[in-house]
Amino acid sequence: MNGLRRLEGTLRVQGSKNAALPILAAALLTPKSTIHNCPDLSDVAAAIHILEDLGCRCCREGSSVTVTADSCPQSFIADSLMREMRSSVVFLGAMVARCGKARISFPGGCELGPRPIDMHLSGLQKMGVFIRDDGGYLDCRAENGLHGARIALPFPSVGATENIMIAACTAKGTTEIHNAAREPEIGGLADFLNAAGARIRIAPDGTVFIEGVKQLHECEYTVIADRIAAATYLCAAAVSGGRLLLTGADPGHLTACIPLYEQAGCTVHIREDAIELQAPKRLGALPIVRTMPYPGFPTDAQAPFMAMSSLAAGTSVFVENIFENRYKHAGELARMGADIKLEGRVAVVEGTERLHGASVNCTDLRGGAALVVAALAAEGETVVREIRHIERGYEALEKNLSLLGADIRRVAED
Ligand code: UD1
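Let us look at the structure shown here. All chains use their own residue numbering, which begins from 1 and follows the written sequence. With the structure being a predicted model, the display of local features is reserved for residues of pLDDT at least 70 and the display and counting of side-chain atom pairs for 80 or more, all residues being used for whole-chain, interface and lining totals. By convention in this description, side-chain values take in all heavy atoms of the structure and omit both hydrogens and water.

Attention shifts here to the site of the ligand. Any residue with at least one heavy atom within 4 Å of a molecule or strand is counted as near it. As a structural note, the neighbourhood of the ligand is formed by 18 residues, with Asp118, Met119, Ser157, Asp300 and Ile322 the closest of them. N or O atoms closer than or at 3.5 Å make up a polar contact, with two conditions inside protein: a donor-capable atom paired with an acceptor-capable one, and, for residues adjacent in sequence, both atoms drawn from side chains. The contact in question runs from an oxygen atom of the ligand to an N or O atom on the backbone of Ile322, over 2.6 Å. What sets the accessible areas is the Shrake-Rupley method with a 1.4 Å probe; for residues, cover comes only from the shown protein chains. In the complex, 84% of the free accessible area of the ligand, which totals 740 Å², lies under the protein chains. Secondary structure elements follow DSSP: runs of H or I no shorter than four residues count as helices, runs of E no shorter than two count as strands, and numbering proceeds from the N terminus. Broken down by secondary-structure element, the contributors of at least two residues to the shell around the ligand are α5 (118-126) and α6 (158-168). Just so you know the grouping, Ala, Val, Leu, Ile, Met, Phe, Trp, Tyr, Cys and Pro go in nonpolar, Asp, Glu, Lys and Arg go in charged, and all remaining residues, Gly too, go in polar. Looking at the shell around the ligand residue by residue, the class counts come to eight nonpolar, six polar and four charged.

Turning next to the sheet that holds strand β12 (residues 208-211). Pairing in this open sheet of four strands is mixed, and the strands run β9-β10-β12-β11 from one edge to the other. The sheet is open, and its two borders are formed by β9 (150-152) and β11 (199-202), each paired with just one other strand. Across the sheet, the axes of successive neighbouring strands diverge by a mean angle of 15°, strand direction being ignored. If DSSP finds at least two bridges between two strands, the strands pair. Pairing geometry for strand β10 (residues 174-178) and β12, over four bridges, is antiparallel. Residue Thr175 lies in a different strand from β12, and its bridge partner there is Ile210. Fitted lines through C-alpha atoms give the axes, limited to the stretch in contact for helices. The angle between two N-to-C directions lies from 0 to 180 degrees.

With that out of the way, let us pick up the pattern of salt bridges. Should a side-chain nitrogen of Lys or Arg be within 4 Å of a carboxyl oxygen of Asp or Glu, the pair is scored as a salt bridge. Under the definition given, this model contains 25 salt bridges. As a salt-bridge pair, Asp339 and Lys341 come within 3.2 Å of each other at their nearest N and O atoms. Only protein chains enter the calculation, and the probe is 1.4 Å; a residue is then buried if its accessible area is under 20% of its type maximum, exposed if over 50%, and partly exposed in between. We classify Lys341 as exposed; its relative accessible area is 52%. When the shortest N-O distance is used, the salt bridge between Glu398 and Arg410 registers 2.8 Å. Here Arg410 lies in the segment after α14 (397-403) and Glu398 lies in helix α14, a separation of 12 residues in the sequence. Owing to a relative accessible area of 45%, Arg410 belongs among the partly exposed residues under this scheme.

Our focus in this paragraph is unusual backbone geometry. Omega for the bond connecting Tyr294 with Pro295 falls within 30 degrees of zero, at 15°, which places this linkage in the cis form. Its identity as a non-glycine residue notwithstanding, Leu4 has a phi of 65°, on the positive side. Position of Leu4 among the secondary structure elements: in the segment before β1 (8-12). The class of Leu4 is partly exposed, set by a relative accessible area of 40%. The residue Asn179 is not glycine, and still its phi comes out positive at about 55°. Relative to the assigned elements, Asn179 resides in the loop between β10 and α7 (184-195).

Take a look at the structure:
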């Protein structure tokens, strides 16, 4: 990539990865479901691979994926498939609900630090699932079916909320999830399941009530816009000094991010399903940015905003409250001239006027996207390696940026 090109133009935001993945898992409970606006990503391909391995038929036509799960699927996910995508644990609830049993390998640690699944497991146990750790494999059984339960999560975990919601759809009785996650992807999953005949209600305080039904039926559903991809493209436009009209976005899902662009000096216009950002000549520093469960500032947007603040006039401070190890991109940004000091959960970014090109490695999905954002504003050539991380979550990133005026190309490496 060669930096210092102003981005200008219109871009339609992709469907949400984090909404599509649990919906694909939930498709196991329906005889057939057609999922529109399903982004074409390696994580989505991994989820489809798991469904096929379980015995479903999957077919993609453009941005629509049809999953047929009419016969009783397998209940075992091989370790190699579990490793392809760490969030594959979300298949657990769907498999026990559909087959009465499930066997998956224990998902290991990951680039964001250890990612325990204790809340997923204790929720399912309350619903009647017996779980045994069998030499690195989790053996889950609910031969007499699942029953409703009152589950209070100690932390509003997105994945645990989703797993319990899916498992509860066909359980006997009603399940309540207190302190459930409130991310828009939870609402998306509820809408998909309800379209298939589930009875899920989300109270204004976020409590989820799921009244079990006998079975789900065929459905069609359109995945919500990807709020993190949207935030990333807005950061890209901001660092390039450009102007971007993002269409197909949901501004209501970005209420924690939009004021930060404005704080940095950008002019932001909101329409019903579009966001327009005009960057200032020089970006200003951000106030303290604390990552929080939704509706707070999303941890997934921390890295792209850090890339943006590394070019701001002044000091910005980030506090990462969700994951233990989510600053690996800081070292790579430093190779491009960013001045970032880390202390535990806190990152202090002294803005610099200019970054310079460098050879950098993606450390994880959002960290990788942050390197691309920084490279757009760096003098000279940047080579971003290990882009398989980026491909997990951004559809056609280089094509989209290039259409907006960036000098970026993908080169195959041996
Ligand atoms: C999801 C998103 C991810 C996002 C995260 C937080 C998907 C596919 N991924 O991940 O992009 O960064 O939400 O918004 O949707 N935890 C436990 N025990 C558990 C479960 C979680 O201790 O049983 C901890 C985690 O280690 C982490 C925190 O809770 O520190 C939040 O995790 P969670 O909300 O579950 O995130 P994911 O669902 O993994």
